[in-house]
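Below are the chains, spelled out letter by letter.
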Amino acid sequence: MVLLGSKDGDCGVDFRGNTADKSKTGGWLAAGLILGTELSERICVMGISMNLVTYLVGDLHIPSSKSATIVTNFMGTLNLLGLLGGFLADAKLGRYFTIAIFASVTALGVTLLTLATTISSMRPPVCDDYRKQHHQCIEANGQQLALLYAALYTIALGGGGIKSNVSGFGSDQFDLSDPKEEKAMIFFFNRFYFCISIGSLFAVIVLVYVQDNIGRGWGYGISAGTMVIAVAVLLIGTQWYRFKKPQGSPLTVIWRVMFLAWKKRAHEYPSHPSLLNDYHNSRVPHSVKFKFLDKAAIVDDAFAGRKEIDPWIVSTVMEVEEVKMVLKLIPIWSTCILFWTVYSQMNTFTIEQATFMDRKLGSFLIPAGSLSAFLFISILLFTSLNEKLFVPLARTLTHNTQGLTSLQRIGIGLISSVIAMAASAMIEMERKNNAVHHNSKISAFWLVPQFFLVGAGEAFAYVGQLEFFIREAPERMKSLSTGFFLSTLSMGFFVSSLLVSLVDQVTKNSWLRSNLNKGKLYNFYWLLAVLGSLNFLVFLVFARKHQYKVQQYVKPDDSGAKELKASNDLMVVRTEMEGTPV
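What comes next is a walk through the structure. (Residues numbered from 1 in each chain as written. Predicted model: local features only at pLDDT ≥ 70, side-chain atom pairs only at ≥ 80, totals over all residues. Heavy atoms only, no water.)

1. Let's talk about the layout of surface pockets
Rule in force here: A pocket, in this scheme, is an open set of points on a 1 Å grid over the protein atoms alone with protein on both sides within 12 Å along at least 5 of 7 lines, while a cavity is a set where a 1.4 Å probe fits but cannot get out; residues line either one if an atom lies within 4 Å of a point. Grid points are joined across faces, edges and corners, and a volume is the space filled by probe spheres set on the points. Numbering goes from the N terminus for both helices and strands, where a helix is a DSSP run of H or I of at least four residues and a strand is a run of E of at least two. When residue character is reported, Ala, Val, Leu, Ile, Met, Phe, Trp, Tyr, Cys and Pro are called nonpolar, Asp, Glu, Lys and Arg charged, and the others, Gly included, polar.
Approximately 510 Å³ is the volume attributed to the second largest pocket. Within the residue set of the lining of the second largest pocket, elements represented by two or more residues are helix H2 (52-58), helix H3 (64-118), helix H6 (179-213) and helix H7 (216-236). Of the residues that constitute the lining of the second largest pocket, the class distribution is five nonpolar, nine polar and six charged.

2. Here's the deal with the nonpolar core
The test is simple: Among buried residues, the Ala, Val, Leu, Ile, Met, Phe, Trp, Tyr and Cys ones that are joined through side-chain atoms within 4.5 Å form a nonpolar core. Here's how the labels work: a residue is buried when its accessible area is under 20% of the maximum for its type, exposed when over 50%, partly exposed in between, all with a 1.4 Å probe on protein chains only.
Among the nonpolar cores identified, the biggest contains 121 residues, and Leu56, Tyr241, Leu375, Phe376 and Phe524 are the most heavily contacted of them. Ranked by the residues each element gives to this core, the list is headed by H3, at 16 residues.

3. Observations regarding the environment of Pro331
Checked against the element boundaries, Pro331 lands in helix H10 (residues 330-344). Along the primary structure Pro331 and Ala543 are separated by 212 residues, whereas in three dimensions their C-alpha atoms are 8.7 Å apart.

4. A word on the packing of aromatic side chains
Formally: Here is the rule: rings of Phe, Tyr and Trp (six-membered ring for Trp) pair when centre to centre is within 6.5 Å. Planes less than 30 degrees apart are stacked, more than 60 are edge-to-face, and the remainder are tilted. The rule is short: NZ of Lys or CZ of Arg within 6 Å of the ring centre and within 35 degrees of the ring normal puts a charge over the ring.
A complete count under the given rule lists 23 aromatic pairs for this structure. Between Phe169 and Phe243 the ring centres are 6.0 Å apart and the planes differ by 35°, which places this aromatic pair in the tilted class. Of this pair, Phe169 sits in helix H5 (residues 166-171) while Phe243 is found in the loop between H7 and helix H8 (250-263), placing the two residues 74 residues apart along the sequence. Phe243 sits in the buried class, given a relative accessible area of 4%. An aromatic cluster is built from Phe339, Trp340, Tyr343, Tyr462, Phe468, Phe469, Phe485 and Phe493, whose rings are joined through pairwise contacts. When the ring centre of Tyr269 is taken as reference, the NZ or CZ atom of Lys291 above it lies at 4.6 Å.

5. Things to note about the environment of Leu115
Of note, Leu115 is situated in helix H3. According to the relative accessible area criterion, Leu115 is partly exposed, its value standing at 42%. When the C-alpha positions of Leu115 and Ala151 are compared, they lie 9.1 Å apart, and in sequence the two are 36 residues distant.

6. Some thoughts on empty space enclosed by the protein
The probe, sized like a water molecule, is rolled over the atoms to show the empty space still left. Under the definition given, this model contains three cavities of 30 Å³ or more. Taken as a whole, the second largest cavity encloses approximately 50 Å³ of empty space. Along its surface, the second largest cavity is lined by Leu338, Phe339, Val342, Leu414, Ser417, Val418, Leu528, Gly532 and Asn535. Taken together, the residues of the lining of the second largest cavity break down into six nonpolar, three polar and no charged.

7. Some remarks on the packing of helix H13 (residues 406-437) against helix H16 (residues 521-545)
What counts here: Comment: axis = line fitted to C-alpha atoms, over the contacting stretch for helices; angle = value between 0 and 180 degrees taken between N-to-C directions. Should an angle fall under 35 degrees it is taken as roughly parallel, and over 145 as roughly antiparallel, whereas 65 to 115 is taken as roughly perpendicular and any remaining angle as oblique. The handedness criterion is simple: a crossing whose near helix is rotated anticlockwise from the far helix by less than a right angle is left-handed, and one whose near helix is rotated clockwise is right-handed.
For the pair H13 and H16, interaxial distance at closest approach is 8 Å and the crossing angle is 165°. Comparing the axis directions of H13 and H16 gives the class roughly antiparallel. Once H13 is placed against H16, the crossing between them reads as left-handed. Partitioning the contact of H13 with H16 into residue classes produces 19 nonpolar, five polar and two charged.

Everything listed here is a matter of coordinates, which is why it stays silent on function.
This is the structure in structure tokens:
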């Protein structure tokens, strides 16, 4: 295959490096084969993350707080490694090779996980009821956990590489200069969303049941087989794909500007910004905010007058302004993290709550992890209501074609997460009261409100965050914006791990215990509700101060303002279609 050094036509090139024949490459056939990889990745990751805590506590006899930390660290690493996958694809490998390599890594990781949960020597001796008799049970040792950790972080590496590239590679199969293909690409994101939702529901309903009732090895073995088939299908479809040449990673530009600004920190500012390198050719107006970065564009006397200068010697004004735009996103980015800290509880303590509740539906015992299905049903419901009800209503009331702005969506999501944690605390208080004082179990369906509220919050927050980072990022850094967004998920899971550890230390293990009937999990939920409320207030301050990119650079009397506004409205429509849970 000759991909990396080929000329890239308007619709890309084929696997031989020639301009792609639109009648033989791309379109729905190619996009459908690519979607199979994301479907398989969702099946693997959701089938693991939504039920892993029950294995850690029940089979490996690891305390609840430590088990929750293991799960959140795994999910945090997976989302963080999306930045690595995006960097490799943009800088050198291209999306196709990156997906193929990382999908193979994921298949290897799930195979290792199958072995780790099947080999009896990888588990401590069986204990009848760990939650009641934990003092008589032996916790898994380091050697037994080694293979499990190796498997989980291999999966995290592979999943991060897939997550950051599949949607982009799928959209590469449609030529935006062709109106028909551009319209088809919008539907691609709908189907992309459909695939990941189906994969998630299949995982939490079918695979979780198999894991709990037939065996972990069978459940993870099915996931491994699914991933192997997905890799094979991806490779078989090579001749039908359209490929885009890697353009270089924007992370390199950011690092270079920061490095040069620090290196030239002793330089004097020029008398006027027009004396900075390539000032007049910048498509982004010069701004005074983060002025210290301007030093990266100061031309040294030795290179004055040269038309072309090594970018590692001096940056252009446009590169500096693009980095400034990225820095302006950080305040909003920081206030989005706590939403995902709340969301991570749906993977950990909420599943643990279910194991202490009545999960019978007639004669059928619902697996604790399968209750997560209500989370995804809520996400599907509110995403549909967003498109069909909330956005049209907001457009009518505000006379704004966008309806709800990205920051308004994020705000609604943050409020929903606070209410969800308050509801979680009250439900846990009721559950414990019945268990301790009446020796009875309340129905596990009492957990539906917290799943429902967090799912509703995600439908707003996820779309709002993704739209915000895509729209507000520099035009040449759109791929980075997706990775930037994924990093909020990553940090949310890591903050959850940190909070659990701190709470364990401060309360001397009295709040978060493996036997929830002896702990005070509701206090942890109340803590998250308080932190969420404070975080929302900080978000409001940052949101009021934030000036949208279009507002910042378009004046009412600009000759190109109408054209830019129309272009922006189209991008909003695209973003709304693209901004779906991953």
